[in-house]
Every structure is written in structure tokens, then in C-alpha cells.
Amino acid sequence: MEYNFSDIEKKWQLYWASHKTFKVEPEPSKPKFYVLDMFPYPSGAGLHVGHPLGYIASDIYSRYKRLKGFNVLHPMGYDAFGLPAEQYAIQTGQAPQKTTAENIKRYREQLDKLGFSYDWDREIRTCDPSYYKWTQWAFLKMFSHWYNKTSNKAEPIDKLIREFEDNGNGKVNAAHHCGFEFPAEAWNRYSEKEKEDILMCYRIAYLGETSVNWCPELGTVLANDEVKEGLSVRGGHPVVQKKMKQWQLRVSAYAERLLEGLNELAWSDSLKEMQRNWIGKSEGAEMEFSVFNGRETFSMTVFTTRPDTVYGVTFMVLAPESEWVDKLTVPDKQKEVREYLAYVKTKTERERMTETHSVTGVFSGSYAVNPFTGEQIPVWISEYVLAGYGTGAIMAVPAHDSRDYIFARTFNLPIIPLIEGCDVSKESFDAKEGIMCNSGFLNGMTVQQAIPAAIEEVERKRLGRRKINYRLRDAIFSRQRYWGEPFPIYYENQIARPVPETSLPLELPQLESFRPSQTGEPPLANAKNWTFEGNPLEKSTMPGFAGSSAYYLRYMDPRNAECLVSEQANCYWQDVDLYIGGTEHATGHLIYSRFWNKFLHDLGYVCKEEPFKKLVNQGMIQGRSNFVYRIKNTNTFVSLNLKDNYETTEIHVDVNLVQNDRLDTEAFRNWNPEYQHAEFILEEGDYICGWAIEKMSKSMFNVVNPDTICAHYGADTLRMYEMFLGPLEQSKPWDTNGIDGVHRFLKKFWRLFFDKNGNNVITGLLPDDKELKILHNLIHKVEEDIENFSFNTTISAFMITVNELTDLNCHKKEILESLVILISPYAPHIAEELWVQLGHTPSVANASFPVYNAEYTKEHSYEYPVSFNGKLRFKKSFDLGMNREEIEKLIREDERTEKYSEGKTIRKIIVVPGKIINIVV
RNA sequence: GCCCGGAUGGCGGAAUCGGUAGACGCGCUGGUCUCAAACACCAGUGGCCGCAAGGCUGUGCCGGUUCGACCCCGGCUCCGGGUACCA
């Protein structure tokens, strides 16, 4: 029997599916293990070889854990709501429901070919009403809860209402409040609308006006993590800032817990660091400055991390969008300020960024008083101060802040150095070090001493308070789109009301047109009867991250119609033990999911505070593009090494027409009518192509389809080769050329069981020590490698082992059985086939991982204490059968011994045949 | 600018409690099989010198610690990722 991967793989894939080999249920007698892949968005392009990388790794780990006796939950589903399907719908008129279903079907076909051990009975789709019911449900819970900073968790809004009725809001310590204090009597007198407006300020899911990222091209708002360098992540369209009333999630309330929680997670340091930066905690103080606009005096608050530099504050700056701008602009500055604000408005976010450090600003005409020096200082307006951070106003210390410095230099404002010996003639001195001067009571202190001392003084004089600020903003949760979860919210007399839980899911209606309505409203305005009990429903939908924020919980109990996840299922599966996915979700999905989980934890619906215990980021697989070189203004193409003799244009050529960088010239002529009469200048009979590593994409013609590879080499070869390519977490280029080596290995592996004529050569002879040593070395290596996610080096170990056994002509059943189990996570189809050939019933997935016995791998050795020149003493295991004289001679002859031996004691010497390689003190 | 990560043959990558650098695979060269090619198998393969034995050199650059450095320390260069006026 030949190694016929095609038949074998088809056969076992069918077998596993029909026998539901990988179906799991909670089994309290067995330890659980939850392995999760970040579920894919089913795009129309299908999978390329880069996509399954993480899935292969997680599958290997899942299969390994099963062999180790764990009850493994390994599910898969689809993140099916999203922009591309909707854009496609707008262009073609095809309903997203339809194209999404088709894409999912294609994804499933591709995934099925790779032999994954998913429990497909647990499949979920975020666009399925029975799934998004629970997304809507969670939203309603957020709507009906507020964040109590005293208990440090989310609490029911009803409880808050009772507190308002009894005591007003004076004692309430909420993450966010309405901005003013009211007593119980006042609350009870408020109209219903007034009450609801106040409550809205407390809710965790709330409707609020903020400056949002508006993408005119897409006609929707975007979250911060959906914008990169002023362009939308999806599509790359420009994004501008706009004030709008939008649904938001009070993620900021959880900032400290999101930060703290990172410490206990087994995530990479770089990823944790990214999240820390995104959360952006900074400690400092809020300080009040009194400001006078010529008629009235106000108290204005600023946030600073450097209260120690207060003696150097020589001016103040407001953000252009700050509400203080109006109050502080004096009459004869009105025109100038208005012009400046108009100018700022014309700039998009992107322009603001590209013109970094351009200095613009305008004087408001008002003056503040520095509370420590009593000096009058001007109040300016400038775009370098952001409305959304801190209080939207700063105290400027040009001597010790580079941005303030540049501003002061531009507008000729005074610069007062506050640290002894610092030179501020050319640039500011930003470091938090040195001895304070020109700073009153702070003089003589170090900066590190002065910061807490200044805060204390500020608090004592009642000029301000200690304050911690976070960069993390609330998540904007509305999208002016069709293909997303509808909000379970309707409006009654302008008041947002929740659709009752019993009416969930609130299903997305079918539409004819997916464009914004005539009046510029979101597409849902086109729906007939988009109402609830006669009242209009919310017309925007939820963003992409809504459906992916709690999907890992739903997998635990995917068909439960009563709740998101039953207590029993949640208690058994608990949390994700291993999560594999791309690093691009670091500041989006992975923050939102953690927030969502913490919220549900506060309410008691889930047992764990953190959803993902360990996280591994697989690297990207890049494409290897090939080029041909066309001689300018001709239809002649010149081979790589001759191209310097001509003036040429580099043209991407489909990598499928190229083998080992040699172009199939005939196929090239047929590829594109433009090239059908192409002429070639060859070198040594071949056309050699140039190459480069680029992103795998259609436009570069470097996409390699896993289906093609499977047809050619089989899924087992593909799985092993993807792992063999390099470390999982590293980005690396795909190169189809190397795949032969792995395929050869599997054929060689097959030949341990069958000879060239297809005869079974397995023998029942008992293995000898040498063979056991080879086997147990491998067991040890495989175990260690899988635990460390070093899948690439395991493959090498397999290759070496198979070579060794081939050399020994070893076909012993006992050895081969273990070998089949060891390889089964990597190459499950061939393993299953050989497992049966060894006389077992399927499936090899139910076998046990071989137990490593260190006795077999021990070197034959003996302890040998050595003394040298009466001064040195050695004690080391030698594997060489050398006698004392030989060893001493070696030591004496080694030049390092002499250098080393002066007055020191040698503890250990490592010897390899004929050489001392290691002498240790 | 700031934060994180990386740099090893023609290529992907092994080897980090500091101890034979280049495992394994690709590619290449030579050979066996074949009329021939493909497949398969065997051997060689960092560079320089040498018929060989062998020698010298070698992990981005400069310097340091050490008997010994891809590995540790100091100073750079380049590449990748994140973030960007966050006060």
C-alpha cells in the first residue's frame, strides 16, 4: 500500500464527522481544557494558507491535551456581522444574509479539508438571531446598570433610583455622574424626562454626546481602535471628528480593573504592554485656577502630572472645543478666536497628525492667576490641547514640557527654569530628575520629593486634589449601518426605553436598500414598521465587536434558549485556557471582551473575572511574490540575472506559474491575453524570476490557497509544514518550495509500516535499549515542545527519529504505536490510518499519550572525581569510557586549564570525545 | 518622538543557567537508478587557504566583562510591530 493521502484523509474526515468523534459534554470526572481560536470573519475571498496557521496550532494543542486525559472544548464559529458584506450588498443588491451564508459554507469546506478536531455541534454565528439575542440581552443589562466606585462593581439602576429618592445623589460614588448635586426633594420633583436624562449619565450603556470618529465615506462612526493614522481600518477612508449623540459603553469605569487584571494573565509581555499603553494610566493632580475675563471670575480646573512645576506656569491653554472658550474670550478677541476655531475645524484628524508639532494658537484675552506665585498669566487657545483628555485645559510649564516650550517660543511667552543647572535655551528639560529651584517651598527638594509635596500643599490649600487619569475612552457603540445587531431600544416621547427581555431577540428586518435613507438616516430607516408597540426603534446597529465580546461564553452552552450560558456549563468550562489569534485585536476585541466579561461577572452570570487565561499570538504568514522583468516598450521579458543589461519594468507574476523561481513560460503566455505573444530572454534555458516578501494578497498575485496544497500534498503535509515554517508567534514568509521535505518525511514515516511493495512490515519483536532510547527522547521532546508552543522544532525531532529508526530497520509494533500517537496531533489522518493498521479501533484521539521514562534516555555514565596539580578538583559524569589518565591528559593539554587554574577551584568539566568543552568554577 | 520585539549560511530557521554555532528542512553540487527526464535514494554544502591532513575566520556594527559570549553589560545602525500633541 502506498501512502495515498487523498483517500486516507477523505475517509477519516468522513469517519470523524459521522461518529462525532470530537463532540464534548461536561464530564465532571475529567479535568476540562478550553482551547479557542479567534473566530474568523467569513470574507468572500476564502482562506489563504496564512489563515489556518493559528487553527493548526490550536488543533495540535487540543489533540495533545485530549491524549493527556483532558476533556477538551474546542469550538469554532463565525464573526458574521460586518462591513464588507454590507458594502458588497450596496454594490450588488445581494442581501448580506445570503452572501454571508455562502461565504460561511465556503469557509467550512476549506476548514473541513484540514482535519480539525472541532466540535461542530457547538458552531455559532453572530448574525444568527438565537445568538445575537444574547448580545442584545447583555446590552440591556448594561443599560440597566451603573458603576459604583465604592463597591467597585456594576449595580442595578433601580437601586440607584431608590437612593436618589431617599437621599439624592450626594453620597453616590459613581464612575460617572450628571455633573451637579441634587437632594432627594429635587429628584422627586423632576419630570420623567429630566430623571431619565440624569440616569443616562450613570448607565453603563448610555446615550451621550461626544466627539466621534466620523467616516463620511462609510457613512458611520467608528471606535478608536477602528481608526489608524486618521484612516478607517476597513477600507482606509479618511475620518473626521464630529459631535454626535451616540450609544456608548462605559468601558472607562473598568479602566483600573482592566489594568490590574493583566498581571495575572499568561499573555506575552508586549501584548500586555500594548493594553497598558492603551489604558494609559497617569497619576497627578487636578488644580483650580481662578480666571478673569474682564467682567467675571471663574474657577477653572486643569489636570497635571507635574504639580511640582507649578511655579513655572507662565500661561494656560484651552482645547479649541473646550466649553471654557466662549466664557473666556474677551470682546475684542472674538473675531480672532472665531477665525481660529474655524481654521481648526477645517482640519481632519489625519491632517492634524501629519502636521505634528506645527504650532498654532490664539490668545483669549483672559488672564488666570497662578495660585502659588500670584502672577497673572494669559489664557491661550490651541489645538495641541485635546478636549477629550483630562479637563481639556492645561497649565503650561514651558521650561519642562516640550510642547509648551515650542508654544512659548513661538508666541514669545516667558520660560522659567525650575531645576538647578538645567539649560532651557534650546529645548525644555522634561526629565523628572534634579533639584528644584525658583519654586518657593519646594526649593532644594528632588523632583521625586517635590511631586508628592506639591500635591499635599495643593490639597492643604484646597486648590485641588490628587487625581488619576486614564487614556481609555468609553467605546462608541452605535454604527449607522444595516448589517449588525439592532439595539433593543425604542423611543417614547424622546426617552430611550428598553425593549423587554421577553421580546428578544429583536430581529433585523429584511431590506430592499442598504443605503442610508433619503434623509441621511441609517439604513434601518428604510424598514417598514421599524417600531415597537407603535414607538420608533433605534435605527443604528451595534458595531463589529459587539458579537465577538462574549462568544467564548456561548460556546459553553450554545443551544440554551433560557440564558447566555447555564451556571452548570459555566462552572464546568469556566474560562478559556488557551486563546490563539492575531495581535491585531490587542486594543479592540481583547479589551472589549475583558470588559464585557467583567461586567457579566459583576452581575454574577459568569464565574471568572478574566476570560482568557493564556493567549498566544500567531504571526502573519507573508506572501512570497515573484516578478518578471519586461524590457521597456517591448513585449520581451528578461531573466533575473540578465535584467541589468536592459531598462526594465518589474511586474508581479502569479506565483502559481512559478516553481523554484523558474517561470513556466507557456503558462505565463496563457495567463493574460496581454502576454500571449511574450518573448523571453532566458539564462541557461530557464526564465528565472525575482522575488520579494510581501503581504499575501490578490493584487500581488502571491496568494496560495490551502485547497491547492491539500490536493497536491494532503492536509497532514500542510499542517506539518505550516508548523515547520518557524516559530508560531513570528511572522514568516510562505514558500511552497520547502513543502517537499515534509511530504518526503511522511512518506518515509509510512515506510516504517509498509515496504515499497505495500506489504505490512510491522513486527511484534520487543524493542531494544537503543530503540527505546530513541523513542523516549522523542516523547520527551514532543511533550516539552507542545507545552512551549515550539511546534517547529518538534517536526525536526520527528524527522530525526524516523531517520534513525529507518537506519536501524526497526518496524517494531511497540515503538510504532507510540510514534503514531505522538504524531497524531500534527498529522491526524495518517496517524488514524496507521493506528488502525496496527490493529486498533479508531480513534487514535482516544489513546493515551505515552509516558516518558527518563531511565531509557540516561547516558551510560559514571561519576569521576578528578584532582589536578593537587589544587583542582573535578566531579563530572563522563560518557566516554575514558580512564583517569586520559582525562587528566586532556585537561593538562587544554590551554584553558592553565588560564583557568590560577588559584581557582574547578567544580565541573564537560568533556566531549577528545575535547574539553566546559570548565566551570 | 516614545514603548515593545528582532538581526545567525543562498533561503526558512536550530542552539540562550554563558560551554563543539549553523540541528532540521529547502536550494545547490556530485553520484546511484533511467534511453532520458521526473520521482526516489546516497554523499557533500558558512567563508577563505589547501590535493589532503589541517589551518584561519565567522552569529548587524563598536567597545567591555569572562578561561570561554549568538547569549551578559555599555554605546550605535538597520528592520518589524504598537502608539502618537494624553499635559
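Note that the coordinates shown come from a computational prediction; the quantities given were computed from them, not determined experimentally. (Residues numbered from 1 in each chain as written. Chains lettered and ligands numbered in written order. Predicted model: local features only at pLDDT ≥ 70, side-chain atom pairs only at ≥ 80, totals over all residues. Heavy atoms only, no water.)

Brief notes about the packing of helix α1 (residues 5–19) against helix α27 (residues 828–837)
Our working definition: Helix axes are fitted to C-alpha atoms over the stretch in contact, other axes to C-alpha atoms as well, and angles between N-to-C directions run from 0 to 180 degrees. Strands are runs of DSSP state E lasting at least two residues, helices are runs of H or I lasting at least four, and both sets are numbered from the N terminus onward. Should an angle lie under 35 degrees it is considered roughly parallel, over 145 roughly antiparallel, and from 65 to 115 roughly perpendicular; all remaining angles are considered oblique. Throughout, a contact is declared for two residues whenever any of their heavy atoms are within 4.5 Å. Each residue is assigned to one of three groups, with Ala, Val, Leu, Ile, Met, Phe, Trp, Tyr, Cys and Pro labelled nonpolar, Asp, Glu, Lys and Arg labelled charged, and all others, Gly among them, labelled polar.
Remark: α1 packs on α27, axes separated minimally by 9 Å, with the N-to-C direction vectors making an angle of 85°. On the basis of their axis angle, the class for α1 and α27 is roughly perpendicular. Each of Ile8, Glu9, Lys11, Trp12, Gln13 and Trp16 in α1 lies in contact with α27, whose residues at this interface are Pro828, His829, Ile830, Glu832, Glu833 and Val836. When the residues that make up the contact of α1 with α27 are grouped by side-chain class, the tally is 6 nonpolar, 2 polar and 4 charged.

What to know about the packing of helix α2 (residues 52–67) against helix α24 (residues 769–787)
We count it as follows: Crossings are sorted by hand: turned counterclockwise from the far helix by less than a right angle, the near helix makes the crossing left-handed, and turned clockwise it makes it right-handed.
Contact geometry for α2 and α24: axes closest at 10 Å, N-to-C directions at 125°. Here α2 is positioned oblique relative to α24, judged by the angle of their axes. Seen from above, α2 lies across α24 with left-handed handedness. Contacts between α2 and α24 involve Ile60, Tyr61, Tyr64 and Lys65 from the former and Glu783, Ile786 and Glu787 from the latter. Here the residues of the contact of α2 with α24 sort into 4 nonpolar, no polar and 3 charged.

Concerning the environment of proline 371
Topologically, proline 371 is positioned in the loop between β13 (362–369) and β14 (376–381). In sequence terms proline 371 and tyrosine 629 are 258 residues apart; their C-alpha atoms lie 72 Å from each other. Excluding residues within four positions of it along the chain, proline 371 makes contact with Glu288, Phe289 and Leu463.

Remarks on the pairing of strand β4 (residues 153–156)
Inclusion rule: Whether two strands pair comes down to DSSP finding at least two bridges between them.
Of the strand pairs in this sheet, strand β3 (residues 145–148) and β4 are connected by 4 bridges, and their pairing is antiparallel. Within β4, the position partnered with histidine 145 by the bridge is proline 156. Between β3 and β4, which pair antiparallel one after the other, the connecting turn spans 4 residues, and asparagine 152 there sits at a positive phi close to 60°.

Here we look at the sheet that holds strand β17 (residues 475–476)
The 4 strands lie next to each other as β6-β5-β9-β17, forming an open sheet whose pairing is antiparallel. Sheet topology places β6 (220–222) and β17 at the edges, where each strand pairs with a single neighbour. Sheet topology places strand β5 (residues 205–215) next to β6; 3 bridges connect them, and they run antiparallel. Bridging across to β6, cysteine 215 finds its partner in threonine 220.

What about the sheet that holds strand β23 (residues 612–617)?
In a beta sheet, neighbouring strands are held together by backbone hydrogen bonds and run either parallel or antiparallel to one another. The strand order across the open sheet formed by 4 strands is β2-β1-β22-β23, and the pairing between neighbours is parallel. With one partner strand each, in any of the chains shown, β2 (71–73) and β23 form the two edges of the open sheet. Ignoring strand direction, the axes of neighbouring strands in this sheet form an average angle of 20°. Bridging between strand β1 (residues 32–37) and β2 involves 3 bridges; their strand directions are parallel. Bridge assignment links tyrosine 34 to a residue of β2, and that residue is leucine 73. In the packing of α2 onto the sheet, the strands contacted are β1, β2 and β22 (576–581), and the crossing angle to β1 comes to about 170°.

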